[in-house]
Amino acid sequence: MVSGRPAEGAALVQRRCPDLPEQALGPLVEALDGLPLALELVAPRLRTVPAAELARPDRLAGVLFRGRDSTLARAFRFSWERLDRFERRMLVQATAFAGPFGLDDAEAVLGSEAADAPWFVDTLQSLCDRSWLQRRVDGGDVRFSLLATVRAFADGEAAAWLGDAPVRHARHVASRWGEMPVLGPPPFGAALLPELDRAARTALGVGDEALAVRTATAFAHGAQFFGGADAALRTIELVLASAVQPRSRARLAQSRGQLLRRSGRPEAALEAVTLAVAAAEEAGDADLVGRIAMFHGLVALSLRDAEGARAAFDRAEAGIRPGSDAALALALNRVTACHAAGAFQEGLDRIGPLTAASHPLARAYGLALAGAMHAGLGELPAAIDAFAAGVSALEAQGEGFSASNFRLLWAEALAGQGRDAEAAEAFAGALRTLGALGNAAYAAVTCVKLAELALAADDLPQAQRWTDEGAVWAGRCTEAAAQAAVASARCEVLTRSGAADRGRAAGLEAEAWVARCGDRSARGQLCVHRAMAAAAEARGAEAAAWGAQAEVIAAELGALPHSALGRAVRRMRRGLSRVALH
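Residues numbered from 1 in each chain as written. Predicted model: local features only at pLDDT ≥ 70, side-chain atom pairs only at ≥ 80, totals over all residues. Heavy atoms only, no water.

Q: Sorry, what's going on with the overall build of the protein chain here?
A: Secondary structure assignment for the protein chain yields 32 helices and 3 strands. The buried share of the protein chain, reckoned over its 582 residues, is 52%. Contacts in the protein chain between residues at least 24 apart in sequence constitute 61% of all its contacts with a sequence separation of at least 6. (Helix = DSSP H or I, 4+ residues; strand = E, 2+ residues; numbered from the N terminus. Buried < 20%, exposed > 50% of the residue type's maximum accessible area, 1.4 Å probe, protein only. Contact = heavy atoms within 4.5 Å.)

Have a look at this one:
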């Protein structure tokens, strides 16, 4: 039961089904861990069932183990019958985990309380020795996992052996990761999101509302940072539909609003936050009302309603406990509101108390936000110094995600000063962190930033490399802003590289995504890319029309010359001037 190589697995299936493109087989080969026998059994079904459909776990179980006399079923059954009852129990209960798990996780969820049970580590070792479990050491941390074929077989034995493992799994996940910080990203990575999702659905199934709310809202919080907002939204709505307690409904509605805002749907987020405030008031929880009002202010900022944001923040201040982390978060959000309103000097004035606060995270954010304010005022040297200090302080506090976001702004300031090599290094550093965290949306946008620098240097091969990587990251998320940025850049890069038809298709795709996210700056960037694409095909009138639209949007937004849109417009002017001269 040792997994095979993906490329060899795809080649094996293609020999049976030569009409299928290799990229269509990827999910299926991955789902079957590249096992040759499993692929041989599944291949004939590809004549009638799409590969993506066959890759679903419930479909695989039916195909691989339908009938006890199938070849694979006989092989698994032969090995299964040589396991003792403790090994069988542990193997089946390991399916409670959605993915790899550690030794502490195994002890909490899989340990047996039977008086004659062996030490759980011995049972784990036995299952690994027999290849029922896979064991991997990552930086000194031992992780265990099940191959998809093993999981499919074990699912068929659940009735006799699963017991209450899913509930113990849900409680274990909640006890470790159920409380989310008010300041900063969650204390876990993208790999834990499937575990939280499974825990929330398990809790919902057994009617434990508190457990379902705790794990579902943690899942939603993580999805905002690591991607997967649509999946989290489905789980939140499922739990919300069954929630009875007003406080539960308030927390879930707030999480729903946060996901909608992150997905580029601020109007729907506003509806959700209105329901959340009403439920919090019904619960009589003034602090919760204050926290939700704080989020209401962020939604108002997304809708470019600066006055509405200030009113919401004032309401939040009346409910949030002074001196709490939520109070510090509110102060930071007020600074963010100043930035959104263009009140950069007021933002700097508000930052002073934050950088003097005893909370190290507040100081770190204050320093980084000072960089954003200086950049808004056009004070790039001061901005670069503040970003350097803020990013370093955030990284020292373990705030990798937030540090990478400010590193992106730092890179923008460097690019604004013409220090493109340093900017590229800063963007690449942010991309490494975002990739490690699994934040596909931000990683996709960062690839576009690197492509923009390459375009400014007329390095088309490098620009294509970055847009190709951006497309890979965009394929792992649904965020409209990320999709719009990648498709816009690809429109120009593909056209200038000689793939005009693909470039035009990317332009149309970008139009749809820009319309969905409703971001005028994204619209301006798209106009720049379409102008340059049209110029590359010697369509002068069309290039001029797109260029004029970009100029109007940049003027409407007051885009500073050193800003991303300002630099893009300057590059466009140079490009269109060269075309006109020729």
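The structure having been displayed, the exposition proceeds.
Q: I would appreciate a short explanation of the pairing of strand β3 (residues 141-145) in the present structure.
A: In the case of a regular strand, side chains alternate between the two sheet surfaces. Pairing of strand β1 (residues 101-102) with β3, which is carried by 2 bridges, proceeds in the antiparallel orientation. Note on β3: the bridge partner recorded for Phe-101 is Phe-144. The pairing of strand β2 (residues 134-138) with β3 spans 5 bridges and is classified as antiparallel. Bridging across to β3, Asp-138 finds its partner in Asp-141. The hairpin formed by β2 and β3 contains 2 residues between the paired strands, and Gly-139 there has a positive phi angle of roughly 60°. (Pairing = 2+ DSSP bridges.)

Q: Explain the packing of aromatic side chains to me, please; I cannot follow it from the model alone.
A: For any pair of aromatic rings, geometry is given as the distance between the ring centres together with the angle between the planes. Enumeration over the complete set of coordinates arrives at 11 aromatic pairs. When the ring of Trp-80 is compared with that of Phe-153, the centres are 5.7 Å apart and the planes differ by 70°; the resulting orientation is edge-to-face. Of the two residues, Trp-80 is situated in helix α6 (residues 71-80) and Phe-153 in helix α10 (residues 148-155); the sequence distance between them amounts to 73 residues. Of the two residues, Trp-80 and Phe-153, neither departs from the other in class, the shared state being buried. The structure contains a cluster of three or more aromatic residues connected by ring pairs, namely Phe-76, Trp-80, Trp-132 and Phe-153. Sitting above the plane of the Phe-78 ring, Arg-82 keeps its charged end 3.6 Å from the centroid. The ring centre of Trp-473 lies 4.7 Å from the NZ or CZ of Arg-476, which sits over that ring. (Phe/Tyr/Trp six-rings, centres within 6.5 Å; stacked < 30°, edge-to-face > 60°. Lys NZ or Arg CZ within 6 Å of the ring centre and 35° of its normal.)

Q: Teacher, can you tell me more about the side chain of Thr-202 here?
A: Residue position: Thr-202 is located in helix α13 (residues 193-205). With residues near it in sequence (within four places) discarded, Thr-202 still touches Pro-166, Val-167 and Ala-170.

Q: Just to check I follow, could you spell out helix α29 (residues 500-517) for this structure?
A: Since one α-helical turn is 3.6 residues long, residues separated by three or four positions face the same way. The end-to-end C-alpha distance of α29 is 26 Å, a good match for the 26 Å that 18 residues give at a rise of 1.5 Å each. Buried within α29 are the following residues: Ala-500, Gly-503, Ala-506, Gly-507, Ala-510, Glu-511, Trp-513, Val-514 and Cys-517. Among the structural elements, α28 (480-496), α30 (520-536) and α31 (540-557) are those in contact with the buried residues of α29. Just beyond α29, the residue with positive phi is Gly-518, at close to 65°. (Expected span 1.5 Å × (residues − 1).)

Q: What am I meant to see in unusual backbone geometry here?
A: With the exception of glycine, the majority of residues adopt a negative phi angle, and the majority of peptide bonds are in the trans configuration. Here the phi dihedral of Ser-131 falls at roughly 65°; this positive angle occurs in a residue that is not glycine. Within the element layout of this structure, Ser-131 appears in the loop between α9 (120-129) and β2. Notably, Asp-458 is not glycine yet its phi reads approximately 55°, a positive angle. Along the polypeptide, Asp-458 turns up in the loop between α26 (440-456) and α27 (460-474).

Q: When you look at the packing of helix α19 (residues 306-319) against helix α20 (residues 325-340) in this model, what are you seeing that I'm missing?
A: Two quantities define a packed helix pair, namely the angle between the helix axes and the distance between the axes. Following both chains from N to C, one finds α19 and α20 inclined at 170°, their axes separated by 11 Å at the closest point. Overall, the two elements α19 and α20 adopt an arrangement that is roughly antiparallel. Taken together, the residues of α20 that come into contact with α19 (itself represented by Arg-310, Phe-313, Asp-314, Ala-316 and Glu-317) are Leu-330, Asn-333, Arg-334 and Ala-337. When grouped by side-chain class, the residues that make up the contact of α19 with α20 number 4 nonpolar, 1 polar and 4 charged. (Axes fitted to C-alpha atoms, helices over the stretch in contact; angles between N-to-C directions. Parallel < 35°, antiparallel > 145°, perpendicular 65-115°, else oblique. Nonpolar A, V, L, I, M, F, W, Y, C, P; charged D, E, K, R; others polar.)

Q: Mind showing me how you'd approach the sheet that holds β1 here?
A: Strand pairing in a sheet relies on backbone hydrogen bonds, with the paired strands running either antiparallel or parallel. Taken together, the 3 strands give an open sheet; going across it, the order is β1-β3-β2, and neighbouring strands pair in antiparallel fashion. Strands with a single pairing partner mark the edges of an open sheet, and in this sheet they are β1 and β2.

Q: Sorry if this is basic, but what is going on with the environment of Leu-369 here?
A: Tracing the sequence through the fold places Leu-369 in helix α22 (residues 360-376). Residue Leu-369 is classed as buried on the basis of its relative accessible area, which comes to 9%. With 18 residues separating them in the primary sequence, Leu-369 and Phe-387 have C-alpha atoms 7.8 Å apart.

Honestly, that's just the spatial picture; any functional story needs more than this.
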